[in-house]
Amino acid sequence: MSEEKSLNFIEEFIEADLKSGKHQQIHTRFPPEPNGYLHIGHASAIVLSFGLAEKYNGKCNLRFDDTNPVTEETEFVESIKNDVKWLGYTWDNELYTSDYFETLYGYAVKLIEKGLAYVDDSTAEEIAKQKGTPTTPGIANEYRERNIDDNLKLFQEMREGKYDDGEKVLRAKIDMAHTNMLMRDPLIYRIKHVAHHRTGDAWCIYPIYDFAHGQSDSIEKITHSLCTLEFLPHRELYDWFIEKLEIYPSRQIEFARRNMTYTVMSKRKLKQLVEEKHVNGWDDPRMPTISGLRRRGYTANSIKCFSERTGIAKRDNIVDIGLLDFFLRDDLNKIAQRRMAVLDPIKVVILNYEEGKTEKLIADNNPENEADGTRELNFSREIFIERADFMEEPPKKFFRLGPGLKTRLKHAYILECVDYKKDENGLVTEVHCNYFSDSKSGEDNSGIKVKGVIHWVNAADAVDAEIRLYDRLFKVENPMAEDGDFKDFINEDSLEIISNSKIEPALQSAADGQHFQFLRKGYFIKDKDSTNEKMVFNRAVGLRDSWAKKNK
RNA sequence: UGCCCCAUGGUGUAAUGGUAACACUACAGUUUUUGGUACUGUCAUUUCAAGUUCGAGUCUUGAUGGGGUAACCA
């Protein structure tokens, strides 16, 4: 079955826990905050948590970490669910941290009763100042010694809405001199008179991340709580709360977030790109969001393979975006049906082909998969080919058309170029050829050997289409590592729209989400902007092109 | 500056004390009616130093480098 593969450090922890009998079954969770769209980095986290649950026959929850009502919206909840589903995962439970608000409140009361939490009337500035710095210990203020009954009463009043935002907070009472700044009496509840996307006005106090996340894990009996490295310093607090609250001991394990070249991977930055209109929305095909990649024409499978192959570790990394493209091509080469589309058309007249005649040709839909069958193409005297497939003065080893050159039309005949026409600006407007009637694909008796094969569409029944080509969003590998604002490195030429392309008629029946390979041009998918009047196709990725590379 | 984490080819991961592996990229070539696909070959003495050991990428110590952390964000 599956070949022997070494375990990553998380799998080693899991197998040890399973072997020792600490757990009979593992339970993970994917806990996004619904304040934006998921990106490819999240995809790695999803593949990790859901994948581990699958591998070890465990469970995985989808939990929305919605403790900050000012940033969270239902729109994001829906998009996140949609993206996780699209990636091919089914969560065991759909949960919300906000479901636990009452329980969490109870936990806070318990902490107060144990003398481990207190209400602080200080301002944010005062609290920040009293925290000290990494090298100087913080100092306790008068509120730290408030008695339990007063704390209980005050916290109750906070909940009842007796105080304004910022007037009071609840803090855990730990150690103001701790070397870990997070342990210097961290805030655990703050007042926000803001409607929550799910609980509405039921609450005006909301728990802080540190007093919600670990507790939610514990409530759900999550065995292994996987998160990114920046939460590592939080683990001490995470464990402290579990211990003091005497609740189920979930275990937090941190891994390095996945970065990719030529893009940015933080929700805040992506949000900025959307809001400042550098892109057209969260699902702009240039965005590294899952919805953007989907619209661009990436497959869920390619994203999964990418995540699995890049693995998991604890060191900082930046993966070449080309690796994702490799997995996409690898996937699509097997499953995408082939079609012909001429992006930048130029007319070819076949002088010795009978005027008014149309013949049917047979084209295979995918040479990699015979089961995909064949389709018919019309062929006649006038066709379109790619402008780049004709050169007035072709260089050596140019296997396409040029004065006196021969090449084959895919699925059709060999052509020999005899002449061409130019307009007053020197632009070639028409190429004139003769064809060899005995060179038909599959029954070639001409004996002529040509090295090149080019794609084409029949002029009479070609369909007009708009084609959108994309390039990387940023001009530099790592915009975050450059001096200055990351937006200074945006690639202004990341979108190229070709509005006068000619595509073969079979493409008119393209289904939503159906992937195609346009022969010699790359992998494409119909965009949602398509109308009855005009079809629009996005190019997900080009084909490898050793000719273009050599001639750079 | 304090504390914490990390360090293996251009990139991402592997090697669990026994002589550096896999994938991508790049380059060269074979096949090909997609200049695609497929296939073959080439590209590292593991940041540095000292130590333990018959033997160290792996263990110890130190140095160097990179990152995180000091929000009423998550």
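Residues numbered from 1 in each chain as written. Chains lettered and ligands numbered in written order. Predicted model: local features only at pLDDT ≥ 70, side-chain atom pairs only at ≥ 80, totals over all residues. Heavy atoms only, no water.

### Here's the deal with the protein's contact with RNA strand B
Note the following rule: Think of it this way: one heavy atom of a residue within 4 Å of a molecule or strand is enough to make that residue near it. N or O atoms closer than or at 3.5 Å make up a polar contact, with two conditions inside protein: a donor-capable atom paired with an acceptor-capable one, and, for residues adjacent in sequence, both atoms drawn from side chains. A run of DSSP states H or I qualifies as a helix once it reaches four residues; a run of E qualifies as a strand once it reaches two. Both are numbered from the N-terminal end. Gly counts as polar in this scheme, as do all residues outside two lists: the nonpolar Ala, Val, Leu, Ile, Met, Phe, Trp, Tyr, Cys and Pro, and the charged Asp, Glu, Lys and Arg.
By nearness alone, 61 residues border RNA strand B, and E12, R309, R315, R338 and R520 come closest of all. Among all atoms of RNA strand B positioned within 4 Å of the protein, those belonging to sugar or phosphate total 61%. At a separation of 2.8 Å, a phosphate oxygen of RNA strand B approaches a polar side-chain atom of R190. A distance of 3.1 Å separates a phosphate oxygen of RNA strand B from a polar side-chain atom of K192. Where the surface near RNA strand B is concerned, the elements lending two or more residues are β6 (187-191), α11 (300-310), α12 (321-335) and α13 (546-550). Of the residues that constitute the surface near RNA strand B, the class distribution is 23 nonpolar, 16 polar and 22 charged.

### Section: α11
To keep things clear, this is the line we draw: Throughout, exposure labels follow a simple rule: accessible area from a 1.4 Å probe, protein chains only, divided by the maximum for the residue type, with under 20% read as buried, over 50% as exposed, and the rest as partly exposed. Directions from the helix axis toward the C-beta atoms define the arc. Whether two residues touch is decided by their heavy atoms; if any such pair falls within 4.5 Å, the residues are in contact.
Those residues of α11 not exposed but buried are A300, S302, I303, F306, S307 and T310. Projected down its long axis, α11 carries its buried residues within an arc of 165 degrees, all on one side. Among the structural elements, α2 (40-55), α3 (74-86), α10 (290-296) and α12 are those in contact with the buried residues of α11. The positive-phi residue at the C-terminal boundary of α11 is G311, with phi of around 70 degrees.

### Quick notes on the side chain of S44
Here S44 is to be found in helix α2. Residue classification places S44 among the buried residues on the basis of a relative accessible area of 10%. Side chain to side chain, S44 and S307 meet in a polar contact 3.4 Å long. In this structure S44 touches R258 and S307, once residues within four positions along its chain are discounted.

### Some details on a negative patch on the surface
Heads up, the rule is: A patch is a set of surface residues, each over 30% in relative accessible area and not in a salt bridge, joined within 9 Å for like charges and within 5 Å for the nonpolar side chains Val, Leu, Ile, Met, Phe, Trp and Tyr. Each accessible area is a Shrake-Rupley estimate made with a 1.4 Å probe; only the visible protein chains count as cover when residues are assessed. Whenever a carboxyl oxygen of Asp or Glu lies within 4 Å of a side-chain nitrogen of Lys or Arg, that contact is scored as a salt bridge. Charged residues are defined narrowly, with Lys and Arg counted positive, Asp and Glu counted negative, and His plus the chain ends left uncounted. In this description, the location of a charge corresponds to atom NZ of lysine, CZ of arginine, CG of aspartate or CD of glutamate.
Negative charge collects at one region of the surface, where D344, D471, E492, D493 and E496 lie side by side. As for its position among the elements, D493 is in the loop between β21 (463-470) and β22 (495-503). Residue D493 is classed as exposed on the basis of its relative accessible area of 61%.

### So, the sheet that holds strand β19 (residues 453-454)
Rules: We treat two strands as partners when DSSP finds at least two bridges between them.
What the seven strands build is an open sheet, ordered β19-β16-β17-β18-β12-β15-β20; its pairing is mixed. Strands with a single pairing partner mark the edges of an open sheet, and in this sheet they are β19 and β20 (456-458). Relative to strand β17 (residues 414-422), strand β16 (residues 406-409) runs antiparallel, the two being bridged by three bridges. Of the residues in β17, the one forming a bridge with R408 is I414.

### Some remarks on the sheet that holds strand β11 (residues 341-342)
Keep this limit in mind: Under this scheme, a helix contributes an axis fitted over its contacting stretch, all axes are lines through C-alpha atoms, and angles between N-to-C directions fall in the 0 to 180 degree range.
Strand order across the open sheet formed by seven strands is β10-β23-β24-β25-β21-β22-β11, with mixed pairing between neighbours. One side of each edge strand has no neighbouring strand; the edge strands of this open sheet are β10 (337-339) and β11. Sheet topology places β11 next to β22; two bridges connect them, and they run antiparallel. Within β22, the position partnered with A341 by the bridge is I503. Here α12 sits on the sheet and contacts β10, β23 (515-518), β24 (522-526) and β25 (535-541); the angle it forms with β25, its principal contact strand, is near 120 degrees.

### So, the pairing of strand β18 (residues 428-435)
Counting buried positions along β18 yields six of eight residues, so the element is predominantly enclosed. Where strand β12 (residues 345-350) lies against β18, four bridges are found, and the strand directions are parallel. Bridge assignment links K347 to a residue of β18, and that residue is E430. Sheet topology note: the β17/β18 ladder contains seven bridges and is antiparallel. Residue pairing for β18: L415 is matched across the bridge by Y435. As consecutive antiparallel partners, β17 and β18 are separated by five residues, and within that stretch G426 has a phi angle of approximately 85 degrees, a positive value.

### Side note on the confidence of the model for chain A
The criterion, for reference: As a per-residue quantity, pLDDT reports the predictor's confidence and falls between 0 and 100.
Of the residues in chain A, 99% reach a pLDDT of 70 or more, and the chain-wide mean stands at 96. What the predictor reports for the complex is a pTM of 0.95 with an ipTM of 0.95.

### What about the packing of aromatic side chains?
Definition in use: A pair of aromatic rings is counted whenever rings of Phe, Tyr or Trp (Trp by its six-membered ring) have centres within 6.5 Å, and the orientation is called stacked for planes under 30 degrees apart, edge-to-face for over 60 and tilted otherwise. Working rule: Lys NZ or Arg CZ, within 6 Å of ring centre, within 35 degrees of ring normal, means a charge sits over the ring.
Summed over the entire model, instances satisfying the criterion amount to 26 aromatic pairs. Seen in terms of ring centroids, Y353 and F379 are 5.4 Å apart; in terms of plane orientation they differ by 90 degrees. Their pairing is edge-to-face. Of the two residues, Y353 is situated in the loop between β12 and β13 (358-364) and F379 in strand β14 (residues 374-380); the sequence distance between them amounts to 26 residues. Both residues of the pair, Y353 and F379, belong to the buried class. Members of the aromatic cluster, each reached through a chain of ring pairs, are F101, Y105, F155, Y189, W203, Y206, F211, W240 and F241. The ring of F13 is capped by R251, whose NZ or CZ atom sits 4.1 Å from the centre of that ring. Here the basic side chain of R294 rests over the ring of W86, its NZ or CZ set 5.1 Å away from the ring centre.

### Description of the pattern of salt bridges
Summed over all chains, the structure comprises 42 salt bridges. Its salt-bridge partner being K487, residue E276 comes within 3.2 Å of it at the nearest N-O pair. One end of the pair, E276, is in the loop between α9 (267-275) and α10; the other, K487, is in the loop between β21 and β22, with 211 residues separating them in the sequence. Note on K487: relative accessible area 19%, which makes it buried. For D529, the salt bridge identified is with R295, shortest N-O distance 3.4 Å. Remark: R295 occurs in helix α10 and D529 occurs in the loop between β24 and β25; sequence separation between them is 234 residues. Through salt bridges with shared partners, a single ionic network connects D283, R295, E466, R468, D527, K528 and D529.

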